[in-house]
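Residue-level structure breakdown
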Amino acid sequence: MNFTALCAAVGGFETHKREAGEKAKEEHLESVRAQQNLRCAVVRIFPNRSQFFPYESVTLSCVDSENSPDWTVKRNTAGNETADWGKRNGSQHVIDAVYLFDSGRYWCELRTGACSEVINVTVTDGPVILQSPVLPVAEGDAVILRCIHSDASSSSNFTKFYKNGLLIGSSSTGSIAVRDVSESDEGLYKCSITGAGESPESWLSVRGCELDSFHFHPIYVLLPVVATCLLFVCGMLLCLRRKIRAKVDADVSYTDVTFPHRELPKTNAETTSELLLYSTINPGSC
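Source: prediction; values computed, not measured.

**Focus: the pattern of salt bridges**
According to the stated counting rule, one finds five salt bridges in the structure shown. Across the pair K87 and D96 runs a salt bridge whose closest N-O atoms are separated by 2.9 Å. The exposure class of K87 is exposed, given its relative accessible area of 52%. Judged by relative accessible area, D96 falls into the partly exposed class, the value being 44%.

Structure, rendered in structure tokens:
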């Protein structure tokens, strides 16, 4: 196969894969639009935990792919149900000091009806809280659970961790890691510090796959890259070949070559024939 045919084949292969990837992405997007013609956002909270002590400052914000300020943080709490709460700055709400009545469900919402997942916030007047992921975690990730004492100067560090009321581990550092999480790790978690007390429970959610975003299979990324590299190499080889041929043609010069005519020496047979003829004619002339 020559260079031109190879490059044409690679180019056709790359175009086919690119079109297949674009078609798959478009089909996915159309499916998402058909299911919900809504924009999606994620509600984020800082500090990144769902349990708080009274008087802590908490910031909640809505984040989407367009960084739109049109989102509003909504809540459903057992206490203060007023429409205005915290300090709003675009899609961000700041609560300078949380109280027990700020415990409840929080989410992001648009006037069109689009909304995010709900997170649960717990404000406790107890001495211990659990720091755990607020949003669902993906299967295979590692999760750090940490027990926090309201008295930072407390010397008590021995901590026990529970899932659905059952002891799952203990630590002298106040934290443990749950590695390679799966759906079986979902449940209610809490912790206790020896001599201090225990935290409220928080739900840990594990998600098997992302539904709100489209992920290309690695082959859709690798194949175009490989095809592009092959096209580049083909182009370089073609250019190099043309340059070499042009250089060779330029270096070759042509001239007329004349070969002088040289008579070949006579053979013995020819010499003998001439001698015999001469001797025959000689006597006839006498």
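**Structural notes on the state of the cysteines**
Tallying each qualifying case throughout the model produces two disulfides. Across the disulfide from C62 sits C108; the S-S distance is 2.0 Å. Handedness here is read from the sign of the S-S torsion; for C62 and C108, about -100°, the answer is left-handed. Remark: C108 occurs in strand β7 (residues 104-109) and C62 occurs in strand β3 (residues 58-63); sequence separation between them is 46 residues. Look at C62 and you get buried, because its relative accessible area is 5%.

**With respect to a nonpolar patch on the surface**
On the surface, F232, V233, M236, L237, L240 and I244 cluster together into a nonpolar patch covering about 570 Å² of accessible area. Assignment of secondary structure puts L237 in helix α2 (residues 218-251). Since its relative accessible area comes to 35%, L237 is described here as partly exposed.

**As for the pairing of strand β12 (residues 159-163)**
With four of its five residues buried, β12 lies for the most part within the structure. One ladder, built from five bridges, connects β12 with strand β13 (residues 166-171); its direction is antiparallel. Bridge pairing links F161 to G169 in β13. Linkage of β12 to β13, two consecutive antiparallel strands, is achieved through a turn of two residues, within which N164 is found at a positive phi near 50°. Where β12 lies against strand β15 (residues 187-193), five bridges are found, and the strand directions are antiparallel. Directly across from Y162, in β15, lies its bridge partner K190.

Parameters and conventions
- Residues numbered from 1 in each chain as written.
- Predicted model: local features only at pLDDT ≥ 70, side-chain atom pairs only at ≥ 80, totals over all residues.
- Heavy atoms only, no water.
- Salt bridge = Lys/Arg side-chain N within 4 Å of Asp/Glu carboxyl O.
- Buried < 20%, exposed > 50% of the residue type's maximum accessible area, 1.4 Å probe, protein only.
- Disulfide = S-S within 2.5 Å.
- Helix = DSSP H or I, 4+ residues; strand = E, 2+ residues; numbered from the N terminus.
- Patch = residues over 30% accessible without salt bridge, like charges linked within 9 Å, V, L, I, M, F, W, Y side chains within 5 Å.
- Areas by Shrake-Rupley, 256 points an atom, 1.4 Å probe, with all protein chains shown as cover.
- Pairing = 2+ DSSP bridges.

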